[in-house]
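Fold and contact review
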Amino acid sequence: MLRHLFKLIWNKRKQNFLLMSEILVSFVVIFAVFSLLVNLYKNYLQPVGFDYENVWAVKFNRPENIKANDSLTTFYESIENGLLTMKPIKYLSFTTGNFPFAPNTYNNLVTYGKLGTVCNFYLSQDHYPDVLNIKMIAGRWFSKADAAHKDKPVVINESLKEELFINEDAVGKKLGKSPDAMEIVGVVANFKDKGDFRGYQSGIFKRMDTSSYQFVSTLLLSVKPDAPADFEGQLFKFLSNHFGTSIEIVHLTNQKESTNKATLIPVIILFIVAGFLILNVALGLFGVLWYNISKRRAEIGLRRAIGASSNTITKQLVAEALVLATLSLVTGSFFAIQFPIMNVFDLSAGTYLLAHVFAILFIYLLVIVCALYPAKQGAAIYPAVALHED
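Predicted model only: the values in this text are computed from it and were never measured. (Residues numbered from 1 in each chain as written. Predicted model: local features only at pLDDT ≥ 70, side-chain atom pairs only at ≥ 80, totals over all residues. Heavy atoms only, no water.)

Moving on: the layout of surface pockets. One water molecule sets the probe size; rolling that probe over the atoms shows where empty space is left. Counted as a void, the largest pocket has a volume near 700 Å³. Looking at the largest pocket, it is lined by 28 residues, and the ones nearest its centre are Leu123, Lys152, Lys206, Arg207 and Ser212. At the level of elements, β3 (107-112), β4 (115-124), β6 (152-157) and β9 (203-207) are the ones that each hand at least two residues to the lining of the largest pocket. The biggest single contributor to the lining of the largest pocket is β3, with four residues. Each residue belonging to the lining of the largest pocket can be placed in one class, and the counts come to twelve nonpolar, seven polar and nine charged. Each pocket or cavity is described by its volume, and for the second largest pocket that value is around 440 Å³. When residues of the lining of the second largest pocket are assigned to their parent elements, the largest contribution, four residues, is made by helix α2 (residues 17-45). For the lining of the second largest pocket, the class distribution of residues is four nonpolar, ten polar and three charged. (1 Å grid on protein atoms, 1.4 Å probe; cavity = no way out; pocket = protein on both sides within 12 Å on 5 of 7 lines; lining within 4 Å. Points joined across faces, edges and corners; volume = space filled by probe spheres on them. Helix = DSSP H or I, 4+ residues; strand = E, 2+ residues; numbered from the N terminus. Nonpolar A, V, L, I, M, F, W, Y, C, P; charged D, E, K, R; others polar.)

This is the structure we're talking about:
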């Protein structure tokens, strides 16, 4: 039976070419959509990797009247000492504009031997991991003793360690070449600082020194949960005396929501466009199948006259539509296989595999839904009426 159906569809391939092309295009679009969906869901399931509750980010502009590095260092140290006298503050750390969930990114190339990769760079102080509760998995974090270190001490995350060192121990290794060599003193667990729907990325932390304060534009604060309601106002008043009133206090929980929305907006737009395309294809598929089945009324009436049941004919007509879809999916699968091979969207092979399976199931479901009603209507015709029309 199945062989007969394939032969029947293949003999009418010229008549069904347009329909097969529509199914093929739909499959490619659905495959791309499911690839994105599966990737977003897998990223969402990954733990954030740090604590962002009760963490505030204060954005400010560096004072223009302080230009010498030593003076700038003294200026920031005085602010740090003043803030630490406030009881609601647990830890604090100055950093750059690419703080967690911020839209800013700073990345550069790092090398180890013949290997190299582009990763995110984070400028941080000694208490940065205390502010965000970042977990160390090897080595240590920075300390004041590193100020006299010959090579710049850095801490990397798991993603960078797996990318450059694989099964080697990364602690003690050096990145880059002299005189800009960086020595790895620790490895931290992976973290997502670009929202729930962005996966782990390679990252490297550099210790802030005297020459680094000119790039500082953000202050991260870990605030106690029982901080008084007016503490934000007190903090603003204290910092505005040093930086002016242009400062902005952002809660990382709110910043995370904004980042998630910014990530999802283009995705939603893509889904709407894909939805309209699928709807048009479904309507076209429905119309073509209805037309083709209507042209076969005499054939269906003859089969009914010789004893074929309505259900049997309905199953055959739906099966023919599924065979037609299968021929399109075979061609579409060839193109889908190229995505992981050519690393089109830089996603894992498992993501493409799941998207491939979901896309095939979706197309089969779409074809069944579009073919079932015309098939039932065609199979319900009385033999005498069909033969009389012929």
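Once you've had a look at it, read on.
Before going further, it helps to spend a moment on the packing of helix α3 (residues 69-84) against helix α6 (residues 231-243). Between α3 and α6, the least distance of the axes is 12 Å, while the angle of their chain directions is 165°. Relative to α6, α3 is oriented roughly antiparallel. Crossing angle aside, the handedness with which α3 passes α6 is right-handed. Of α6, the residues touching α3 (which contributes Phe75, Tyr76, Ile79, Gly82 and Leu83) are Leu235, Phe238, Leu239, His242 and Phe243. (Axes fitted to C-alpha atoms, helices over the stretch in contact; angles between N-to-C directions. Parallel < 35°, antiparallel > 145°, perpendicular 65-115°, else oblique. Left-handed = near helix turned anticlockwise from the far one by under 90°. Contact = heavy atoms within 4.5 Å.)

The subject of this paragraph is unusual backbone geometry. Trans is the prevailing form of peptide bonds, just as negative phi is the prevailing case for residues other than glycine. For Asn54, which is not glycine, the phi torsion reads 60° and is therefore positive. Assignment of secondary structure puts Asn54 in the loop between α2 and β1 (55-59). Using a relative accessible area of 36% as the deciding quantity, one classes Asn54 as partly exposed. Positive phi is not limited to glycine here, since Phe101 has a value of about 70°. Relative to the elements of secondary structure, Phe101 occurs in the loop between β2 (89-95) and β3. (Buried < 20%, exposed > 50% of the residue type's maximum accessible area, 1.4 Å probe, protein only.)

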